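Chain and residue survey
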Amino acid sequence: MGRYSAAADLSESVSNPSAVKGASTQDVDLDVTHARHEGDITSDELSFVHDAVLLQETVAAVLGVKSLPKQTEGDQNSLNISGIYVDATFGRGGHSRLLLSQLADDATLIVFDKDPTAISVAQELASKDSRVRVVHDSFATLTDSLAAMGISEVDGLMADLGISSPQIDDGSRGFSFMRDGAVDMRMDTSRGQSVAEWLEKVDDETLANVLYEFGEERHSRRIARAIKQMESYESTLELAEVIKVAHPNWQRGKHPATQSFQAMRIFINNELGDVDDFLAQSIPILKSGGQLAVISFHSLEDRRIKQFLQRHSKGQYPEDENLPMPPNRPRYFSKPKRVGPSKAETSQNPRARSAWLRMATRTDTAYEQITGL
């Protein structure tokens with residue numbers, strides 16, 4: 001993954017490049033920051049495509065400090081912090097590299113990513129820095145992967161959810177409806193079925209449900225019927241055109257295939273399920289005082305993070321609301337905080353506008369494994 005999330009592509013013929021990343025899925029389609037989409041990215045903006053969003057804020061949060069030392073040219077100020085840290089979404093390593101600059105020589109950084117290309121970059125970094133260990137897998141395997149390394153707890157976890165700019169830029173990956181390619185959309189091309197393979201077998205109703213649930217597409221049934229009438233699923237541009245023709249209500253500045261592409265991508269990669277698993281595993285894996293920092297770019301992700309932290313910081317569970325005597329639930333996190341990008345960052349990188357960083361500190365409450373929580 002690379003830290004850019006949201007709908008699979010930017011608008012095709014958007015004339016408003018400032019309309020990027022919003023808190024809702026409907027806005028996400030215009031999110032440029034994590035390279036979400038391309039249609040409204042100008043040539044000047046392309047130079048910022050690989051910028052790591054909320055870089056300073058995220059690294060400071062995972063280290064548990066208010067801010068990082070100011071860096072001046074030729075001056076490598078470092079906090080020199082020891083411990084074990086995890087970058088659950090390495091991407092191209094922007095957050096990892098800054099984190100490493102603040103870690104002591106005896107520290108360890110484990111990086112995860114599904115994408116084989118991202119893993120190649122991570123392995124190159126590991127070959128130059130002995131503190132780095134690489135896991136080619138989803139962050140949903142967090143506990144098992146760390147256990148295989150003999151690690152049972154860590155000092156900090158950070159994740160930057162979504163799809164990466166390099167993934168969007170490579171038309172062959174199938175994420176883009178601006179560049180033609182195979183209808184693949186897998187983040188890990190070494191395993192699993194592609195979207196094309198899934199579309200060949202899925203029925204209209206199931207497809208419509210996926211478009212609605214993961215893309216919040218109100219015209220999901222109409223679009224699903226049109227997609228299933230296609231003779232083949234070999235071209236992302238052909239698929240996008242069919243969706244565009246079938247879509248009855250085009251929103252200004254937004255390609256009509258945006259939400260459908262997002263939905264299929266999220267579904268085929270089990271993105272939301274992986275997020276839920278990752279968050280659940282953060283409780284037993286973080287040591288007392290450990291830090292959790294997660295960046296999201298659309299409401300489907302952000303809502304999950306928000307509700308997870310609320311539930312485990314307040315000890316209030318929805319299933320307890322109607323009980324006459326609600327049980328005392330453990331509070332695993334301190335009061336969570338939310339930070340958005342600064343005006344300076346959004347002016348330089350408009351794609352950062354819909355990004356939110358949510359963070360919390362692990363309390364000293366011992367983990368209790370309770371089914372369903």
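Reading the values: rules and limits
- Residues numbered from 1 in each chain as written.
- Predicted model: local features only at pLDDT ≥ 70, side-chain atom pairs only at ≥ 80, totals over all residues.
- Heavy atoms only, no water.
- Helix = DSSP H or I, 4+ residues; strand = E, 2+ residues; numbered from the N terminus.
- Buried < 20%, exposed > 50% of the residue type's maximum accessible area, 1.4 Å probe, protein only.
- Areas by Shrake-Rupley, 256 points an atom, 1.4 Å probe, with all protein chains shown as cover.
- pLDDT = per-residue confidence, 0-100.
- Contact = heavy atoms within 4.5 Å.
- Salt bridge = Lys/Arg side-chain N within 4 Å of Asp/Glu carboxyl O.

On to the overall build of the protein chain, then. Counting secondary structure elements, the protein chain contains 14 helices and 7 strands. Classification of the 373 residues of the protein chain by burial places 55% in the buried group. For the protein chain, the accessible area works out to roughly 16,100 Å², and carbon and sulfur atoms hold 46% of it.

Turning our eyes to something else, we now look at the environment of S67. Among the structural elements, S67 can be located in the loop between α2 (55–63) and β1 (84–87). On a C-alpha basis, the gap between S67 and Q56 in space is 7.4 Å, while along the polypeptide they are 11 residues apart.

Once that is clear, we can look at the confidence of the model for the protein chain. In the predicted model, the protein chain carries a mean pLDDT of 85, and the fraction of residues at 70 or more is 83%. Across residues 1–49 the pLDDT falls below 50, and counting only partners more than four positions away or on other chains, this stretch makes 228 contacts in the model.

Okay, helix α11 (residues 258–268) next. Taking burial as the measure, the 11 residues of α11 include 10 buried ones, the bulk of the element. Among the residues of α11, those classed as buried are T258, Q259, S260, F261, Q262, A263, M264, R265, I266 and I268.

Below, the discussion takes up the pattern of salt bridges. Pairing is possible between side chains that carry opposite charge, provided their charged atoms lie close to one another. This model, assessed by the stated rule, comprises 14 salt bridges. Close ionic contact of D155 with K287 constitutes a salt bridge, the shortest N to O distance being 3.4 Å. Highlighted residues: D155 in strand β4 (residues 154–160) and K287 in strand β5 (residues 286–296), separated in sequence by 132 residues. With a relative accessible area of 26%, K287 lands in the partly exposed category. Of the charged contacts, one joins D276 and R304 as a salt bridge, the two residues approaching to 3.0 Å between their closest N and O atoms. Residue D276 is located in helix α12 (residues 271–285), and its partner R304 is located in helix α13 (residues 299–314); the two are separated by 28 residues in the primary sequence. Assessed through its relative accessible area of 33%, D276 is described here as partly exposed. The class for R304 is partly exposed, based on a relative accessible area of 28%.

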